[in-house]
Amino acid sequence: MTDLRNVNLRVRDVRRLVSYKYSLIRWDRGSEEESEWQFASLESEDKKEQLTLLLESKEILSSCEALLVESSWSKLRRITWGDILSSPEHYFGKSDFQLYCIDLVWVLEYKSLQVFRFGRISPN
């Protein structure tokens, strides 16, 4: 199995599949030259708009399905990239999470320190 499409996957199955791909992630450049982390603040409408523009710049289709994993790996939830774009305040906030494209071609990691990183998973 090379993706997360099976709705019967258990948390430990997802964790194992993701761990096999982790070394293949190529992180986008971040806010600083030596880092892949970008700011993800929702403190004002301007900052929310900046975050939305950053997310839109990733050129992911709004209909792209993804699996949202809480930092504790206790809960999985299927969402779309469009859900993130339309309501970032529902996701970027108090809790860390990882968001994996169900085809395992990209990943977004968020830390409640108001930073995130985005990476593409190379096919090899």
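Scroll up to find the structure.
Residues numbered from 1 in each chain as written. Predicted model: local features only at pLDDT ≥ 70, side-chain atom pairs only at ≥ 80, totals over all residues. Heavy atoms only, no water.

J.: So what about the packing of aromatic side chains? Which residues, and what values?
T.: All chains considered together, the criterion is met by nine aromatic pairs. Through a chain of ring-to-ring contacts, the aromatic side chains of Phe92, Phe97, Tyr110 and Phe116 assemble into a single cluster. The aromatic ring of Trp27 is capped on one face by Arg117, whose charged end is 3.9 Å from the ring centroid. (Phe/Tyr/Trp six-rings, centres within 6.5 Å; stacked < 30°, edge-to-face > 60°. Lys NZ or Arg CZ within 6 Å of the ring centre and 35° of its normal.)

J.: Got a sec to walk through the environment of Asn124? Specific residues and values, please.
T.: By secondary structure assignment, the location of Asn124 is in the segment after strand E7 (115-121). The exposed category is assigned to Asn124, whose relative accessible area is 75%. In sequence terms Asn124 and Phe97 are 27 residues apart; their C-alpha atoms lie 25 Å from each other. (Helix = DSSP H or I, 4+ residues; strand = E, 2+ residues; numbered from the N terminus. Buried < 20%, exposed > 50% of the residue type's maximum accessible area, 1.4 Å probe, protein only.)

J.: Account for the pairing of strand E5 (residues 97-101), with residues named and values stated.
T.: By the criterion of burial, E5 is predominantly enclosed, with five of the five residues buried. By the alternation rule, side chains of E5 split into Phe97, Leu99 and Cys101 and Gln98 and Tyr100, which are all buried. As paired elements, strand E3 (residues 65-70) and E5 share five bridges and run antiparallel to each other. Across the sheet, residue Ala66 finds its bridge partner in E5, namely Cys101. In this sheet, strand E6 (residues 106-111) lies alongside E5 in antiparallel orientation, the contact comprising four bridges. (Pairing = 2+ DSSP bridges.)

J.: An account of the nonpolar core is requested, with residue identities and associated values reported.
T.: Nonpolar side chains in soluble globular proteins tend to be buried together. Grouped together as the largest cluster of nonpolar side chains are 21 residues, with contacts concentrated most on Leu55, Trp81, Phe92, Leu99, Trp106, Leu108 and Phe116. The contacts of Leu108, once residues within four sequence positions are left out, are Leu55, Trp81, Phe92, Phe97, Gln98, Leu99, Phe116, Arg117 and Phe118. By size, the runner-up hydrophobic cluster in this structure holds 15 residues, among which are Leu9, Val14, Ile25 and Ile102. (Core = buried A, V, L, I, M, F, W, Y, C linked by side-chain atoms within 4.5 Å. Contact = heavy atoms within 4.5 Å.)

J.: So what's going on with helix H2 (residues 45-56)? Residues and values would help.
T.: Taking 1.5 Å of rise per residue, 12 residues should cover 16 Å, and H2 covers 16 Å from first to last C-alpha, within 8% of that figure. For H2, the complete set of buried residues consists of Leu51, Thr52 and Leu55. All buried residues of H2 fall inside an arc of 100 degrees around its axis, so they share one side. Away from its buried face, by an angle of more than 90 degrees, H2 presents the exposed residues Asp46 and Gln50. (Expected span 1.5 Å × (residues − 1). Arc of directions from axis to C-beta.)

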